[in-house]
Amino acid sequence: PRGEDVSGFTPPLNFVVASECIYNLRYGDVLLRTLRDLAGPETVVLFAYAERQPTEEAHFLDSVKEHFEVSSVCPPTKNRCSSNHSIFFSLAPFF
């Protein structure tokens, strides 16, 4: 939920799975705040998206890296990530 109270989810969660959440980066700061509200030291966040706006997405990821350890994972059929394929990364929060 965009900026809504997440206390009903009893954070911290063990896992957060998100897909195609950054196609409109106007809400990137709210998404990051929500991830931080849901995560704890042991939370694993799995995040997948198709690259559409590389410059804006890089800026968002820089913001994410201020709060989470980011590991990029390319699809198993590819040797490297490319803009034509989904990019997967996992987040480990800094606490």
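Note that the coordinates shown come from a computational prediction; the quantities given were computed from them, not determined experimentally.

A. Focus on the packing of helix α1 (residues 28–38) against helix α2 (residues 54–65). Running from N to C, α1 and α2 cross one another at 30°; their axes reach a closest spacing of 11 Å. In terms of their interaxial angle, α1 and α2 are classed as roughly parallel. Here α1 runs over α2; the crossing is right-handed. Between α1 and α2, the residues in contact are G28, L31 and L32 and F60, S63 and V64, respectively. Grouping the amino acids of the contact of α1 with α2 by side-chain chemistry returns 4 nonpolar, 2 polar and no charged.

B. Quick peek at the side chain of E57. As for its position among the elements, E57 is in helix α2. R52 is the oppositely charged side chain nearest to the buried, salt-bridge-free E57, at an N-O distance of 5.7 Å. When residues no more than four places from it in sequence are discounted, the contact partners of E57 are I22, L25, Y49, A50, E51 and R52.

C. Highlighting the environment of E20. Relative to the helices and strands, E20 is located in the loop between β1 (15–19) and α1. When residues no more than four places from it in sequence are discounted, the contact partners of E20 are A48, Y49, A50 and R52. A distance of 3.0 Å separates the side chain of E20 from the backbone nitrogen of A50, its partner in a polar contact. Within the structure, the side chain of E20 is placed 2.7 Å from the side chain of R52, a separation counted as a polar contact.

D. Structural context of α2. The terminal C-alpha atoms of α2 lie 16 Å apart, and with 12 residues this matches the ideal 16 Å at 1.5 Å per residue to within 8%. Burial in α2 covers these residues: E57, F60, L61 and V64. Buried residues along α2 cover an arc of 100° about the axis, so they all sit on one side. In α2, the exposed positions angled more than 90 degrees off the buried face are occupied by T55 and H59.

Cut-offs used in this document
Residues numbered from 1 in each chain as written. Predicted model: local features only at pLDDT ≥ 70, side-chain atom pairs only at ≥ 80, totals over all residues. Heavy atoms only, no water. Axes fitted to C-alpha atoms, helices over the stretch in contact; angles between N-to-C directions. Helix = DSSP H or I, 4+ residues; strand = E, 2+ residues; numbered from the N terminus. Parallel < 35°, antiparallel > 145°, perpendicular 65-115°, else oblique. Left-handed = near helix turned anticlockwise from the far one by under 90°. Contact = heavy atoms within 4.5 Å. Nonpolar A, V, L, I, M, F, W, Y, C, P; charged D, E, K, R; others polar. Buried < 20%, exposed > 50% of the residue type's maximum accessible area, 1.4 Å probe, protein only. Lys, Arg positive; Asp, Glu negative; His and termini not counted. Salt bridge = Lys/Arg side-chain N within 4 Å of Asp/Glu carboxyl O. Polar contact = N/O pair within 3.5 Å; in protein donor to acceptor, adjacent residues only side chain to side chain. Expected span 1.5 Å × (residues − 1). Arc of directions from axis to C-beta.

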